[in-house]
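# Structural overview for review
Listed below are the residues making up each chain.
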Amino acid sequence: MPETVELTVNGTRLEVPFGSTVAVAVAIAGVACRTSVTGEPRGPLCGMGVCFECRVSINGVPHSRSCQVVCAADMEVITDC
Amino acid sequence: MTRKAQKRFDVLVIGGGPAGMAAAATTAECGLRTAVVDDNLNLGGQIWRGDSQASAPADAAQWASRVQSAGVTILAGARVVHQLEPGILIAETENEVYELAYSTLVLATGARERFLPFPGWTLPNVMGAGGLQAMVKAGLPIRGKRVVVAGTGPLLLAAASYLQKHGAEIPVVCEQASWVDLARFGLALFGQSGKLRRSLQLKRELARVPFVVDSWPVGAHGQTVLESVLISRHGRVETIPCDYLACGFHLVPNIELAQLIGCQILNGCVRVDDLQQTSVPSVFCAGEPTGIGGLELALVEGQIAGFAVANRPADAQRLFGSRDKLRHFARALDRAFRLRCELRRLPLPETIVCRCEDVTHRKLSQHNSWRAAKLHTRCGMGPCQGRICGPATQFLFRWNPDSVRPPIFPARVESLASMSPHLEPEPAEPIHSAMIGGQ
Amino acid sequence: MSVASYDVAIVGGGIVGAACADEFARRGMRVVVVERDVVGSGATGAGMGHIVTMDDSDAQFALTRYSQKLWQALRPELPEDVEYEQCGTVWVAADDEEMHEVWRKQEYYSRRGVPVEVLDSAKLQAAEPNLRSGMVGGLLVPEDGVLYPPCAARFLMERAQANGAKLYPGASVSQIGQRRVRMSEGEEIGADIIVNATGSCSPSLTAGLEVRKRKGHLAITERYKGFLHHQLVELGYLKSAHTLTTESVAFNVQPRRTGQILIGSSRQFGAEHKEVENEIMVRMLQRAQQYMPQLGELLIVRTWTGFRAATPDKLPLIGPSTQDQSVFLATGHEGLGITTSLGTARLLVDLVDGREPAIPVEPYLPSRSVKEHAHA
């Protein structure tokens with residue numbers, strides 16, 4: 001089992017511990033997950049997939065709940081969608 | 001493109017937390033073809049949420065092992081979105097949609113944290129108590145970070161202990177309940193040896209963490225992320241610089257699926273009889289949706305439901321005593337962590353209440369009902385479907401919630417478009433008529 | 001049993017009732033509106049909120065175009081939450097027969113001063129890249145728009161209230177007639193004129209009205225900015241709207257200012273309950289996917305239903321009731337309630353006022369003999 005996983009967040013390559021969720025990767029990257037309707041930066045609130053604040057685009061699929069997705073090698077994560 | 005699969009089981013369990021695992025292991029061990037459906041990637045629900053770095057608690061591992069050995073089918077990463085017809089549920093995963101047919105359904109959908117709005121609560125790094133714990137379990141680095149824990153309920157101490165163990169610095173834990181409430185709750189613990197032991201252990205672990213009562217957050221400050229929290233303490237407001245705020249106000253049952261199916265709901269909980277059967281034939285419910293009661297109660301109710309489904313009433317009845325005792329505790333829990341009215345005054349007019357649609361408290365105050373507010377402000381019309389703002393507005397404005405409509409979770413167009421036409425219904429087996437005859 | 005007295009009592013606080021209240025109040029009359037639930041919570045709250053010109057008949061065209069112009073004039077005063085967007089409509093032709101219809105509409109609208117543009121296959125694809133390729137073409141009607149109806153109804157109602165109109169929300173009416181509105185609780189309101197603007201429920205207050213409930217289903221997605229630019233309607237929509245008996249679905253999608261996509265449409269007679277029906281939802285979504293395959297991947301956040309008020313000749317009832325001198329009707333708007341609400345209000349108040357209406361009212365009078373109108 002590898003120790004880490006490499007993926008990109010907003011084009012920047014990032015290495016995170018194996019088993020981390022995408023929400024964690026975004027947090028480690030130091031960016032918010034999304035921008036709200038009135039322009040506020042937002043990140044995970046509930047941590048269990050019901051609040052939808054952690055939405056990002058994963059491999060081109062928008063509105064993915066990043067707290068429910070485990071990082072996979074070469075994933076492309078784009079925030080603010 | 002989505003793949004569609006149709007599956008059939010004797011017993012379908014929705015939710016893979018303690019109640020779901022207990023029910024599924026029980027029915028499968030009795031020879032019934034059983035499946036568990038859960039949105040999360042691993043079993044355990046929230047309280048036994050998989051820790052990517054540590055190992056599971058002993059009882060969690062035990063139940064997981066029983067579920068495995070009994071041959072339960074696990075449908076992970078799947079969320080139920082709709083009911084095709086009585087007896088068939090539709091669940092969606094990243095790439096597939098399932099039509100899941102069952103003879104008996106067990107709803108073990110658990111609970112979620114209750115969030116109350118206060119100025120600044122939408123800042124990144126303000127999370128639930130369970131929410132932050134879940135993120136740390138999922139790999140969020142917390143060592144050396146300052147975390148203020150606030151809100152109400154036993155989850156606060158459990159989360160604080162976990163976070164501390166992983167290196168977080170906890171300046172304070174703020175509980176909105178009063179000493180009197182907590183003392184009464186403490187008395188209730190005396191009847192429950194396991195819980196008492198755990199509580200004392202938590203106390204020891206958190207010995208150096210200040211624990212204050214009659215205290216709650218009144219504001220969160222920061223530019224783009226949280227930088228400090230304002231805490232009210234006996235009328236005074238203190239500013240505490242921190243990296244995270246782990247704040248949740250106890251739990252609310254996840255009853256959306258029960259409502260969709262037509263189960264009778266009372267005071268926000270699913271009504272069940274002695275055998276955990278709901279008002280809908282062949283539909284059972286166990287754990288938090290029947291009333292927030294914690295881990296042990298969920299396990300007991302799950303087993304009772306399992307035995308009832310498997311037509312083993314004697315085995316079910318043997319657990320009634322434990323259930324009674326644990327329900328007594330659940331009632332104490334309810335009373336102890338009631339929300340105080342000061343919390344209604346936390347939001348300012350411009351504080352956002354509905355996070356999906358950024359609807360402010362001021363906008364909501366112009367309406368007299370959830371329905372009116374929803375229609376005119378779109379509060380509750382976002383992807384969370386009212387799961388976050390619903391309980392908040394129920395408390396803030398004393399509004400009653402609406403009925404549910406499908407999908408009970410956002411679902412792809414193609415999933416809903418692929419629902420099959422009417423299937424030949426299987427003859428319903430009256431499993432329980434013998435047991436319930438006495439009612 | 002108190003008796004309050006007004007010039008006009010309007011029963012029904014949907015978009016039509018609100019528009020009427022606004023117009024009556026503006027002309028200085030003492031108005032009361034009685035609404036059994038919340039303003040805009042009936043068909044107004046369920047509908048797609050489009051502002052369109054339609055050409056099923058000359059009378060329908062006249063009313064929709066008149067009313068659309070009124071909306072355009074009102075636009076600068078509409079608050080943000082009404083979300084008025086002039087996104088335009090594109091009528092989509094999937095085959096040559098439908099393309100023929102495009103040219104017919106082009107001629108009809110152009111003759112009457114409605115700006116339209118015929119799009120060939122390439123232009124259509126450029127205008128809406130997510131439409132399935134292979135469409136023959138379409139008709140762009142750039143002056144059509146969409147808005148969020150509950151807030152529009154609320155705006156009109158609040159303007160009426162600013163001019164002195166009274167609103168009784170959460171109040172049910174059991175009977176109207178002879179200058180009296182009787183509430184379910186027994187209270188009575190006296191008014192010289194009573195307007196029945198209760199939509200699909202209007203026959204329960206005015207016996208014998210040929211207004212039938214026509215159920216519709218809708219779904220709305222998450223936010224996908226840029227996915228859809230115009231309201232899109234299949235030309236088969238007309239076949240659906242025309243059918244008086246069977247259930248039908250037609251492709252009709254709308255971009256909201258929020259970036260959400262509103263997906264419709266369906267029509268059924270005979271359904272009395274509000275439940276979402278799986279068979280209809282499936283057919284509607286499949287039809288939508290046939291026109292826009294990429295729609296399949298979008299997340300649906302909500303589905304719901306509503307009841308249109310349908311008349312046999314597809315024209316609303318605007319004017320004095322044939323049964324009671326004090327009762328006026330403003331109902332039966334089927335799928336054009338939002339569009340024609342403002343026009344309806346003007347015509348109705350002109351009739352009451354004795355003023356010359358801007359367009360002939362005969363086609364909408366309740367006293368007309370209602371019979372099926374074949375498509376011209």
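## What about the overall build of chain A?
Along its length, chain A carries one helix and seven strands. Taking 12 Å as the expected radius of gyration for a compact globule of 81 residues, we find that chain A reaches 12 Å, a close match to that expectation. Projected onto its principal axes, the C-alpha coordinates of chain A cover approximately 40 × 25 × 20 Å.

## Some remarks on the overall build of chain C
The secondary structure content of chain C amounts to nine helices and 18 strands. Expected size for 376 residues packed as a compact globule is a radius of gyration near 21 Å; at 20 Å, chain C falls within 12% of this value. For chain C, the spread of C-alpha atoms along the three principal axes comes to 65 × 40 × 40 Å. Considering chain C as a whole, with its 376 residues, one finds that 55% of them fall into the buried category.

## Focus on the domain arrangement of chain C
All names here are of chain C. Taken as a whole, chain C is organised into domain 1 (3-49 + 149-210 + 313-364) and domain 2 (86-143 + 212-310). Computed over C-alpha atoms only, the centres of domain 1 and domain 2 are separated by 29 Å. In this assembly, twelve residues from domain 1 lie in contact with 14 residues from domain 2.

## Overview of the interface of chain B and chain A
Interface size, as often reported, equals the accessible area lost upon joining of the parts. On the chain A side, the residues contacting the 30 residues of chain B number 29 residues. Those elements that place two or more of their residues in the side of chain B that touches chain A are β7 (111-113) and α3 (129-137) of chain B. Tallying contributions element by element places α3(B) first for the side of chain B that touches chain A, with five residues.

## With respect to the nonpolar core
Residue and element names in this part refer to chain C. One finds A21 and V31 to be the most contacted residues of the largest nonpolar core, which totals 155 residues. Residue contributions to this core peak at eight residues, all from helix α1 (residues 15-26). Setting aside chain neighbours within four positions, we find A21 in contact with I10, V31, V33, L156, M157, A160 and A165.

## Considerations on the interface of chain C and chain B
Across the contact, 25 residues belong to chain C and 20 residues belong to chain B. Of the residues in the side of chain C that touches chain B, the class split is 13 nonpolar, eight polar and four charged. Relative to strand β16 (residues 299-310) of chain C, strand β22 (residues 411-412) of chain B runs antiparallel, the two sharing two bridges. Counted as the bridge partner of B:A411 is C:I300 from β16(C).

## Some points on unusual backbone geometry
Geometrically, the link from B:P406 to B:P407 is a cis peptide bond, its omega value of -5° lying close to zero. Relative to the elements of secondary structure, B:P407 occurs in the loop between α13 (389-397) and β22. C:S265 follows C:G264 through a cis peptide bond whose omega is 0°. With respect to the helices, strands and loops of the structure, C:S265 is situated in strand β15 (residues 260-269). Backbone geometry at A:N59 places phi at a positive 50°, although glycine is not the residue there. Relative to the helices and strands, A:N59 is located in the loop between β5 (55-58) and β6 (61-65). Looking at A:N59, the number of C-beta atoms within 10 Å reads 13, which means it is partly exposed. At B:R378, a position not held by glycine, the phi torsion is positive, near 70°.

## As for the pairing of β16(C)
Residues and elements named next belong to chain C. Counting buried residues along β16, ten of its twelve residues qualify, which places the element largely inside the surrounding structure. Relative to β16, strand β12 (residues 212-223) runs antiparallel, the two sharing ten bridges. Paired with R212 across the two strands is A310, which belongs to β16.

## Quick notes on the sheet that holds strand β2 (residues 12-17) of chain A
All names here are of chain A. The five strands are arranged β2-β1-β7-β5-β6 in an open sheet whose pairing can be described as mixed. Each of the sheet's edge strands pairs with one partner strand only, and the pair in question is β2 and β6. When strand polarity is set aside, the average angle formed by the axes of neighbouring strands in this sheet is 40°. Here strand β1 (residues 4-9) pairs with β2 via six bridges, running antiparallel. Within the sheet, the bridge partner assigned to L7 lies in β2 and is L14. Here helix α1 (residues 22-29) sits on the sheet in contact with β1, β2, β5 and β7 (76-78), set at roughly 120° to β2.

## Here's the deal with the sheet that holds strand β9 (residues 147-152) of chain B
All names here are of chain B. Read from one edge to the other, the open sheet built from five strands follows the order β8-β15-β9-β10-β11, with strand pairing classed as parallel. Two strands close off the open sheet at either side, each with one partner strand: β8 (126-127) and β11 (211-212). Both β9 and strand β10 (residues 173-175) contribute to a ladder of three bridges, which runs parallel. Bridged to A150 within β10 is C174. Those strands touched by α3 are β8, β9 and β15 (244-249), and its axis lies near 130° from that of β15. Against the sheet, helix α4 (residues 154-165) engages β9, β10 and β15, with an angle of about 165° to β9.

## A word on the confidence of the model for chain C
Residues and elements named next belong to chain C. Mean pLDDT over chain C: 94, with 95% of residues reaching 70 or higher. Segment residues 372-376: pLDDT under 50, and ten contacts once partners within four positions in sequence are set aside and those in other chains are kept. For this predicted complex, the interface confidence comes out at an ipTM of 0.97, alongside a pTM of 0.94.

## Some remarks on helix α10 (residues 320-336) of chain B
Residue and element names in this part refer to chain B. Between the first and last C-alpha of α10 there are 24 Å, a value that for 17 residues agrees with the 24 Å anticipated at 1.5 Å per step. Those residues of α10 that fall on the buried side of the exposure criterion are R323, L326, F329, A330, L333 and A336. One side of α10 carries all its buried residues, which in axial view fall inside an arc of 140°. Turned more than 90 degrees away from the buried face of α10 sit G321, D324 and R331, all of them exposed. In the core, the buried residues of α10 are packed alongside α5 (179-189), α6 (193-205) and α8 (295-309).

## Notes on the environment of B:I292
All names here are of chain B. Residue placement: I292 occurs in the loop between β19 (283-285) and α8. Separated by 40 residues in the primary sequence, I292 and V252 place their C-alpha atoms 7.3 Å from one another. Leaving out residues up to four positions away in the same chain, I292 has contacts with A111, L251, P253, A330, L333 and D334.

## Some details on the packing of α8(B) against α10(B)
Residue and element names in this part refer to chain B. One way to put it is that α8 packs onto α10 with a least axis distance of 9 Å and a crossing angle of 140°. As the angle between them shows, α8 and α10 are arranged oblique. Considering how the two elements wind past one another, α8 and α10 form a crossing that is left-handed. Contact residues: α8 offers E296, L297, V300, E301 and I304, while α10 offers S322, R323, L326, R327 and A330. Here the residues of the contact of α8 with α10 sort into five nonpolar, one polar and four charged.

Conventions used here
- Residues numbered from 1 in each chain as written.
- Chains lettered and ligands numbered in written order.
- Predicted model: local features only at pLDDT ≥ 70, side-chain atom pairs only at ≥ 80, totals over all residues.
- Helix = DSSP H or I, 4+ residues; strand = E, 2+ residues; numbered from the N terminus.
- Rg over C-alpha atoms; globule rule 2.2 N^0.38 Å.
- Buried ≥ 20, exposed ≤ 12 C-beta atoms within 10 Å, placed from the backbone.
- Domains from an automatic or database assignment.
- Contact = placed C-beta atoms within 7 Å.
- Core = buried A, V, L, I, M, F, W, Y, C linked by C-beta atoms within 7 Å.
- Nonpolar A, V, L, I, M, F, W, Y, C, P; charged D, E, K, R; others polar.
- Pairing = 2+ DSSP bridges.
- Axes fitted to C-alpha atoms, helices over the stretch in contact; angles between N-to-C directions.
- pLDDT = per-residue confidence, 0-100.
- Expected span 1.5 Å × (residues − 1).
- Arc of directions from axis to C-beta.
- Parallel < 35°, antiparallel > 145°, perpendicular 65-115°, else oblique.
- Left-handed = near helix turned anticlockwise from the far one by under 90°.

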